[in-house]
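Inside the fold
So you can see what is in the structure, the chains are spelled out below.
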Amino acid sequence: MNANTPQSADAAVPAATDPAVVTPAETPAPARFDTLPLDAKLLRAIEVQGYAMMTPIQAKAIPVVLAGRDVMGAAQTGTGKTAAFSIPLLQKMLKHENASMSPARHPVRAVVLAPTRELADQVANNVKAYAKQTNLRVAVVFGGMDMKPQTAELKAGVEVLIATPGRLLDHIEAKNCILSQVEYVVLDEADRMLDIGFLPDLQRILSYLPKTRQTLLFSATFSPEIKKLAQSYLQDPELVEVARPNATASTVEQRFFSVDDDDKRAAVQQLLRQREIKQSIVFVNSKLGAARLARAFERDGLRTAALHGDKSQDERLKSLEAFKRGEVELLVATDVAARGLDIADLPAVFNFDVPFNAEDYVHRIGRTGRAGASGLAFTLVTKADARLVGEIEKLIKKKLDLEPIELEEGRSRFGGDRGDRGGDRGPRGDRGERSDRGGDRGERTEGSGERRDFRREREDRRDEAYGSSAPYRAPQRQAAYDPLFDKPYESNERSEAAAWEKGQASAARGGISANIKPKKKVAALFGAKKPPITADSES
């Protein structure tokens, strides 16, 4: 849930030069929710959630939305954007509130589009909490789940529909929901939807909606593509921003460490120990990398879960719930988890891989330091990441300093004590023990023994070159020795002819090949011709 803990409106950085930007001078920003013209039902729901003061984005956006204007909201992640659009929309939809059981009395009035399943589910939980005291119905639909329960809920009637673009199109094509009475549309994290190729789906969905509607666009970053989208589908939008676009939260301490690829895992574990971090999200760039890294941390003794697109929706939700309950220490995730997820009091995030898209960096580190709390963001940078770091510097307009990190001695590249993994083997295992495992294999051949000696000598030279930092490699399992394998070929000279050659040894009689079977003699029946008399038959 997006946090709404007390924050001062003075934290906003207005852009006074742009007349479309809402500044404190243009719209007085009330500090408390009860100063807004909201229904008592909504105020009670907000109070139940424990919120009394508004964040800057809420203080600026809610009055504009209540006035019926289209809005482009720019704010850092973790500042309460969900409440900034959901509370005023619920207030405006209360005029349609009714307790009827008829689905026709509960048409879809508002559509909220989110780029990922996790974000859609989180927004739905927020909206349901705010609408709990009312008779407004809220539903969420996203992919990876069975459509039948979603269809039943939609046909029962809902006023607020939160969805991912792909699954919403599925329901539209199946005629499970009618969008002809939609009055409000929200595009949450619109830049992410464009990044992952949802623009055609967005255009199709918007084509099903009435032309007269109020459209709200919220995101932490604004790119030229987003501004072009706003020009196409928003009518004279009001730009509401509380900080410079693409800026990172000042409450997050950002550290960049220069490491090698093989040292990254050990660096993460060392930082977790030194900073006494109990929970963290570790971001990687690929689904395969997330799965492998999660298994590696599990072997190192850390309670770890993976979150990526190849997992089913049920697995992803279970991993998130376990992380929120504190049952998981590390959540290894791709950028599917970098948008909109709100995990209370998350102390730190790690960028195990520098993101390919600089805007993803802003969203990744936005998982910590939310709602005014402090947070840590560590990024592990290799020599190949120089260009990506430069793009991040250009986006956030800040010079980033790379710091070296000295790994603790006595720990392997892949984390943990070497003695714990290999016993008394040393950095690569005892070579003498390996030769003893061979037992009596020295009798195989002299040549094979020379090959083994050559391999051992070559590995020893490599160990001398790399020292103790050479990565551990598990000993290879030797195949069972077969004495016939090294036995030279011996031809088998047969003194007796083979069975199939015996028939051909004797010359065929009468000049007929032995391979041709003679005709079978049958009795002369029904006037059949008698076989001709030959010299063989006479004898």
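Residues numbered from 1 in each chain as written. Predicted model: local features only at pLDDT ≥ 70, side-chain atom pairs only at ≥ 80, totals over all residues. Heavy atoms only, no water.

Right, let's get into the pattern of salt bridges. Under the definition given, this model contains 22 salt bridges. Where Glu403 meets Arg255, a salt bridge forms, and the shortest distance between an N and an O atom there is 2.7 Å. Placement of Glu403 in strand β14 (residues 402-404) and of Arg255 in strand β8 (residues 252-258) is noted, with a sequence separation of 148 residues between them. A network of salt bridges, in which partner residues are shared, links Glu253, Arg255, Arg275 and Glu403. (Salt bridge = Lys/Arg side-chain N within 4 Å of Asp/Glu carboxyl O. Helix = DSSP H or I, 4+ residues; strand = E, 2+ residues; numbered from the N terminus.)

Even without being a glycine, Asp236 presents a positive backbone phi close to 45°. Mapped onto the secondary structure, Asp236 falls in the loop between α9 (224-233) and β7 (238-241). A positive phi angle is found at Lys397, which is not glycine, with a value near 55°. By relative accessible area, Lys397 is classed as exposed at 64%. (Buried < 20%, exposed > 50% of the residue type's maximum accessible area, 1.4 Å probe, protein only.)

Further remarks concern the nonpolar core. As a rule of thumb, soluble globular proteins bury nonpolar side chains together. Formed by 44 residues in total, the largest nonpolar core has its most connected members in Phe33, Leu90, Met93, Ile162 and Leu216. Setting aside anything within four residues of it in sequence, one finds Ile162 in contact with Val112, Ala120, Val123, Ala124, Val127, Val138, Ala139, Val140 and Val141. Formed by 34 residues, the second largest nonpolar core is a distinct cluster that contains Met72, Val158, Leu169 and Met193. (Core = buried A, V, L, I, M, F, W, Y, C linked by side-chain atoms within 4.5 Å. Contact = heavy atoms within 4.5 Å.)

To continue, consider the confidence of the model for the protein. For the protein, mean pLDDT is 76; residues scoring 70 or higher make up 67% of the total. When the criterion is pLDDT under 50, residues 412-452 qualifies, and its contacts beyond four places in sequence or with other chains add up to 57 contacts. Low pLDDT, under 50, characterises residues 462-472; the stretch is placed with 15 contacts to residues that sit more than four places away or in other chains. (pLDDT = per-residue confidence, 0-100.)

A separate point is the packing of helix α2 (residues 56-66) against helix α3 (residues 81-93). Axis separation between α2 and α3 bottoms out at 9 Å; the angle between their running directions is 30°. As judged from the angle between their axes, α2 and α3 are roughly parallel. Pair α2 / α3 crosses with right-handed handedness. Counted together, Ile57, Gln58, Ala61, Ile62, Val65 and Leu66 of α2 and Lys81, Ala83, Ala84, Pro88, Leu89, Gln91 and Lys92 of α3 form the full contact between these two elements. By residue class, the composition of the contact of α2 with α3 is nine nonpolar, two polar and two charged. (Axes fitted to C-alpha atoms, helices over the stretch in contact; angles between N-to-C directions. Parallel < 35°, antiparallel > 145°, perpendicular 65-115°, else oblique. Left-handed = near helix turned anticlockwise from the far one by under 90°. Nonpolar A, V, L, I, M, F, W, Y, C, P; charged D, E, K, R; others polar.)

Let us look at the sheet that holds strand β13 (residues 375-381). Two modes of strand pairing occur in sheets, parallel and antiparallel, and in both the strands are linked by backbone hydrogen bonds. One open sheet holds the seven strands; their spatial order is β10-β11-β9-β12-β13-β8-β14, and the pairing between them is parallel. At either end of the open sheet lies a strand with only one pairing partner, and these are β10 (304-307) and β14. Direction aside, the axes of adjacent strands within the sheet are offset by 25° on average. Where strand β9 (residues 280-283) meets strand β12 (residues 348-351), four bridges bridge the pair, whose relative direction is parallel. Among the inter-strand pairings, Ser280 is bridged to a residue of β12, identified as Ala348. (Pairing = 2+ DSSP bridges.)

All right, on to helix α10 (residues 264-275) then. Over its 12 residues, α10 runs 16 Å from end to end, which matches the ideal 16 Å to within 8%, given 1.5 Å per residue. A large share of α10 lies buried, amounting to nine of its 12 residues. Residues Lys264, Arg265, Ala266, Ala267, Val268, Gln269, Gln270, Leu271 and Leu272 constitute the buried set of α10. Trailing α10 by a residue or two, Glu276 shows a phi angle of about 55°, which is positive. (Expected span 1.5 Å × (residues − 1).)

What follows is about the environment of Ala358. Tracing the backbone through its elements, the reader meets Ala358 in helix α13 (residues 358-365). The sequence separation of Ala358 and Glu393 amounts to 35 residues, and the corresponding C-alpha distance is 8.6 Å. Residues within four places of Ala358 in sequence aside, it is in contact with Glu391, Ile392 and Leu395.

Attention now goes to the packing of aromatic side chains. Within the structure shown, the criterion is met by four aromatic pairs. When the centroid spacing of 5.6 Å and the interplanar angle of 45° are considered together, the rings of Phe85 and Phe218 count as tilted. With a gap of 133 residues between them, Phe85 in helix α3 and Phe218 in strand β6 (residues 214-219) connect regions that are remote in the sequence. With relative accessibility at 0%, the residue Phe218 sits in the buried group. The interplanar angle of 35° and the centroid separation of 6.0 Å between the aromatic rings of Phe257 and Phe378 together place this pair among those described as tilted. With a gap of 121 residues between them, Phe257 in strand β8 and Phe378 in strand β13 connect regions that are remote in the sequence. There is no split in this pair, since Phe257 and Phe378 are both buried. Taken together, Phe257, Phe350 and Phe378 form an aromatic cluster joined through their ring pairs. Over the ring of Phe352 we find Lys264; its NZ or CZ atom is 5.4 Å from the centre of that ring. (Phe/Tyr/Trp six-rings, centres within 6.5 Å; stacked < 30°, edge-to-face > 60°. Lys NZ or Arg CZ within 6 Å of the ring centre and 35° of its normal.)

Tracing the chain through its elements places Leu239 in strand β7. As a C-alpha pair, Leu239 and Ala74 span 165 residues in sequence and 7.6 Å in three-dimensional space.

Before going further, it helps to examine the side chain of Lys92. Residue position: Lys92 is located in helix α3. An unpaired buried charge is present at Lys92: no salt bridge exists, and Glu183, the closest side chain of opposite charge, is 7.3 Å distant. Leave out the neighbours within four places in its chain, and Lys92 touches Val65, Leu66, Gly68, Tyr184 and Gln214. (Lys, Arg positive; Asp, Glu negative; His and termini not counted.)

With their axes 11 Å apart at the nearest point, helix α4 (residues 117-130) and helix α12 (residues 313-324) run at an angle of 60° to one another. Relative to α12, the element α4 is oriented oblique. α4 and α12 meet at a crossing whose hand is right-handed. Residues Arg117, Glu118 and Asp121 of α4 form the contact with α12, whose own contacting residues are Gln313, Arg316, Leu317 and Leu320.

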